[in-house]
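Each chain, written out:
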Amino acid sequence: QVQLVESGGGLVQVGGSLRLSCAASGRTFSSYTMAWFRQAPGKEREFVVAIKWSDGSTYYADSVKGRFTISRDNAKNTVYLEMNSLKPEDTAVYYCAAHFGFFGSWPVRPMQYGYWGQGTQVTVSS
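We now turn to the structure provided with this report. (Residues numbered from 1 in each chain as written. Predicted model: local features only at pLDDT ≥ 70, side-chain atom pairs only at ≥ 80, totals over all residues. Heavy atoms only, no water.)

Here's the deal with the overall build of the protein chain
Along the protein chain, the regular secondary structure elements total zero helices and 11 strands. Secondary structure elements of the protein chain occur, N-terminal to C-terminal, as β-β-β-β-β-β-β-β-β-β-β. Over its C-alpha trace the protein chain gives a radius of gyration of 14 Å, about what one expects of a compact globule, namely 14 Å for 126 residues. By principal-axis analysis of the C-alpha atoms, the protein chain measures approximately 40 × 25 × 25 Å. Expressed as a percentage of its 126 residues, the buried residues of the protein chain come to 44%. Per element, the accessible surface of the protein chain, about 6,400 Å² overall, is 48% carbon and sulfur. Across the protein chain, the centroid of the 12 positively charged side chains sits 3 Å from that of the 9 negatively charged ones. (Helix = DSSP H or I, 4+ residues; strand = E, 2+ residues; numbered from the N terminus. Rg over C-alpha atoms; globule rule 2.2 N^0.38 Å. Buried < 20%, exposed > 50% of the residue type's maximum accessible area, 1.4 Å probe, protein only. Areas by Shrake-Rupley, 256 points an atom, 1.4 Å probe, with all protein chains shown as cover. Lys, Arg positive; Asp, Glu negative; His and termini not counted. Charge placed at Lys NZ, Arg CZ, Asp CG, Glu CD.)

Overview of the state of the cysteines
Considering all chains together, one arrives at one disulfide under this definition. One disulfide bridge connects C22 with C96, the sulfur atoms lying 2.0 Å from each other. Taking the sign of the S-S torsion, -75° for the link of C22 and C96, the bridge is left-handed. One end of the pair, C22, is in strand β3 (residues 18-25); the other, C96, is in strand β9 (residues 92-100), and 74 residues separate them in sequence. With respect to burial, C22 and C96 carry one shared label: buried. (Disulfide = S-S within 2.5 Å.)

With respect to the pairing of strand β8 (residues 78-83)
The element β8 is extensively covered by neighbouring structure, given that five of its six residues are classed as buried. In this sheet, β8 lies alongside strand β7 (residues 68-73) in antiparallel orientation, the contact comprising six bridges. Opposite S71, over in β8, you have Y80 as the bridge partner. Where β7 folds back onto β8 in an antiparallel hairpin, the turn is made up of four residues, including N77, whose phi is positive at roughly 50°. (Pairing = 2+ DSSP bridges.)

Keep in mind these numbers describe shape, not what the thing actually does.
This is the structure:
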């Protein structure tokens, strides 16, 4: 049973930083693509960034490129999202997700991910 547990959300001022963590358990994740999505009130869940667990390659949404950084710690089975230069529009519930395999294109749709964490709230105040 795959479990994903996010932590690290909170309230931060515009321009500030936060680091989210996603602790994964229940499988060997070397064949998985891990991602962060976010969902603001009244909006659809949107892709933020993904990382291939096997080689650490990454893919970012344009809206966060240059501000957010995803990484993983193999020993801890944990994926991180470092968020800098935060803006009010980054306010959302952030979800960690796992997708088995990689088949030629980055999975950016929520329906492509079979496993989800419970989410962690990030609020950026102006």
